[in-house]
Amino acid sequence: MAQYNTGTVTVTKGSAIVTGSGTDFINNVSAGDLFKLEGIGVFKEIESVDSATQITLSSAWAGDSYSNATYSIHKDFTPNYKIPKVNFGDWDIHAVITDAINKVDRYLAGALVEWIEEEASPSYVSSTSFTLAGDKTDIYIEDRRLKLIISSNTYYNRVVSSSYSSPNTTVVVETANLTSGLSKVYYGYLQNLPNNVIKDTHIDWGSGENQVSDEDIPIKDPNNNFSGEILSAVLDELLTEIKARTGIFTLDFSRLDSSAYLMSGEA
């Protein structure tokens, strides 16, 4: 069984301390496990295991106070995202499954757009610009996504440019939707890539660095030519992968022949 529920507990409204009776938390529970009272569908993460009879939750207990209550502590999770796993004999299985589904939902939403909260408070300058204390030019790079809280409403935008002049960074955005009610900024998560990740040693599609080459997509035929048929096969493979990952569109390259004639299908 992936839960610990020996003894009883006492919780107090407004306190993060859980006091056990007949418990052995120190040898059976870990920080990060999930605590809940029987019959109450609220999980609270355990911040610390203090002794055999005391644990501290990550935040104060907001519900009613209970004495000598039946409880369970869930201990089994998936390795990557810590989603609760159900095992034979677990209590309140419906609550465990509900919590797991909610976590999956949050992670799926986060996979589409992950937002990082800006620590500095923004100062409104104009409908397309604001300032932040400090040099933030390495964060607010061109085309970075922004989520803006303006007068309790949420708006989305993109960075056009940023510049630093002590003591502030000025950020210019694409859409003129800023007002003096701007109170919070979140920026989209990006992973910077090293320069010239895509090499240009074989195909010169344009000039300069970062051009596509057959080191990135092997599409040469035995005679070192790039025929329409080979391009079509590569594009079909790429589109199959895109469709599998997103399911949002389909393109038809069946009429891409050796003369490299391209006809796009429905988007």
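Nothing here was measured: the structure is a model prediction, and the numbers come from that model. (Residues numbered from 1 in each chain as written. Predicted model: local features only at pLDDT ≥ 70, side-chain atom pairs only at ≥ 80, totals over all residues. Heavy atoms only, no water.)

## Remarks on the overall build of the protein
Along the protein, the regular secondary structure elements total three helices and 15 strands. Counting only residues that meet the buried cut, the protein has 30% of its 267 residues in that class. By sequence separation, contacts in the protein at least 24 residues apart represent 53% of the contacts at least 6 residues apart. Counting every atom, the protein has about 16100 Å² of accessible surface; 50% of that belongs to carbon and sulfur. (Helix = DSSP H or I, 4+ residues; strand = E, 2+ residues; numbered from the N terminus. Buried < 20%, exposed > 50% of the residue type's maximum accessible area, 1.4 Å probe, protein only. Contact = heavy atoms within 4.5 Å. Areas by Shrake-Rupley, 256 points an atom, 1.4 Å probe, with all protein chains shown as cover.)

## Comments concerning the nonpolar core
Among the nonpolar cores identified, the biggest contains 16 residues, and F25, F35, L37, I55, L57, Y71 and I73 are the most heavily contacted of them. Of all the elements in the fold, those that place two or more residues in this core are β2 (8-11), β4 (34-37), β6 (54-57) and β8 (71-74). One finds A120, F130, Y140 and Y187 within the second-largest nonpolar core, a separate group that totals 15 residues. (Core = buried A, V, L, I, M, F, W, Y, C linked by side-chain atoms within 4.5 Å.)

## Notes on the packing of aromatic side chains
The tally for this structure, following the rule as stated, stands at seven aromatic pairs. Measuring from centroid to centroid gives 6.4 Å for Y4 and F25, while their planes differ by 70°, and the two rings are edge-to-face. With a gap of 21 residues between them, Y4 in strand β1 (residues 3-4) and F25 in helix α1 (residues 25-28) connect regions that are remote in the sequence. Neither Y4 nor F25 differs from the other in exposure class; each is buried. Between F35 and Y71, the aromatic rings sit 6.2 Å apart at their centres with planes inclined by 25°, giving stacked as the arrangement. Residue F35 is located in strand β4, and its partner Y71 is located in strand β8; the two are separated by 36 residues in the primary sequence. Of the two residues, F35 and Y71, both sit in the buried class. An aromatic cluster is present here, built from Y4, F25, F35, W61 and Y71 joined pairwise through their rings. Sitting over the ring of F43, K36 keeps its end group 5.9 Å from the ring centre. Here the guanidinium or amino end of K147 rests over the ring plane of Y186, the centre of that ring lying 4.7 Å away. (Phe/Tyr/Trp six-rings, centres within 6.5 Å; stacked < 30°, edge-to-face > 60°. Lys NZ or Arg CZ within 6 Å of the ring centre and 35° of its normal.)

## Looking at the pattern of salt bridges
Scanning all chains against the criterion turns up four salt bridges. Of the charged contacts in the structure, one is a salt bridge between E117 and K184, with a shortest N-O distance of 2.9 Å. Here the residue E117 occupies a position in strand β9 (residues 115-117), and K184 occupies one in strand β15 (residues 182-188), the gap between them amounting to 67 residues. For E117, a relative accessible area of 44% puts it in the partly exposed group. (Salt bridge = Lys/Arg side-chain N within 4 Å of Asp/Glu carboxyl O.)

## Overview of the environment of Y124
Relative to the elements of secondary structure, Y124 occurs in strand β10 (residues 123-126). In this structure the C-alpha to C-alpha distance between Y124 and L178, which are 54 residues apart in sequence, comes to 7.4 Å.

## A look at the environment of Y164
You can see Y164 is positioned in strand β13 (residues 153-165). For the pair Y164 and L132, spaced 32 residues apart in sequence, the C-alpha to C-alpha distance is 9.4 Å.

## A look at the sheet that holds strand β14 (residues 168-173)
Across the sheet, which stays open at both edges, the seven strands sit in the order β9-β15-β12-β13-β14-β11-β10 with antiparallel pairing between neighbours. Two strands lie at the open edges of the sheet, namely β9 and β10, each paired on one side alone. On average, each strand axis in the sheet is tilted by 40° relative to the strand beside it, whichever way the strands run. Pairing geometry for strand β12 (residues 145-150) and β15, over five bridges, is antiparallel. The residue bridging I150 from the neighbouring strand is L182, located in β15. (Pairing = 2+ DSSP bridges. Axes fitted to C-alpha atoms, helices over the stretch in contact; angles between N-to-C directions.)

## What about the sheet that holds strand β5 (residues 44-51)?
Strands sit in the order β1-β8-β4-β5-β6-β3-β2-β7 across an open sheet of eight strands; the sheet is antiparallel. Of all the strands in the sheet, the pair left with one neighbour each is β1 and β7 (66-69). By the bridge criterion, two bridges tie β4 to β5 in an arrangement that is antiparallel. The residue of β5 that forms the bridge with F35 is K44.

## Describing the confidence of the model for the protein
Considering every residue of the protein, the mean pLDDT works out to 76; 66% of them sit at 70 or more. In the predicted structure, residues 248-267 sits below a pLDDT of 50 and forms 33 contacts with residues beyond four places in sequence or in another chain. (pLDDT = per-residue confidence, 0-100.)

## Some details on the side chain of N157
Relative to the elements of secondary structure, N157 occurs in strand β13. Only 3.2 Å separates the side chain of N157 from the backbone nitrogen of E174, close enough to count as a polar contact. A polar contact of 2.8 Å, which involves the side chain of N157, links it to the backbone oxygen of T175. Contacts of N157, omitting those with residues within four sequence positions, involve R144, R145, L146, L148, V173, E174, T175 and N177. (Polar contact = N/O pair within 3.5 Å; in protein donor to acceptor, adjacent residues only side chain to side chain.)

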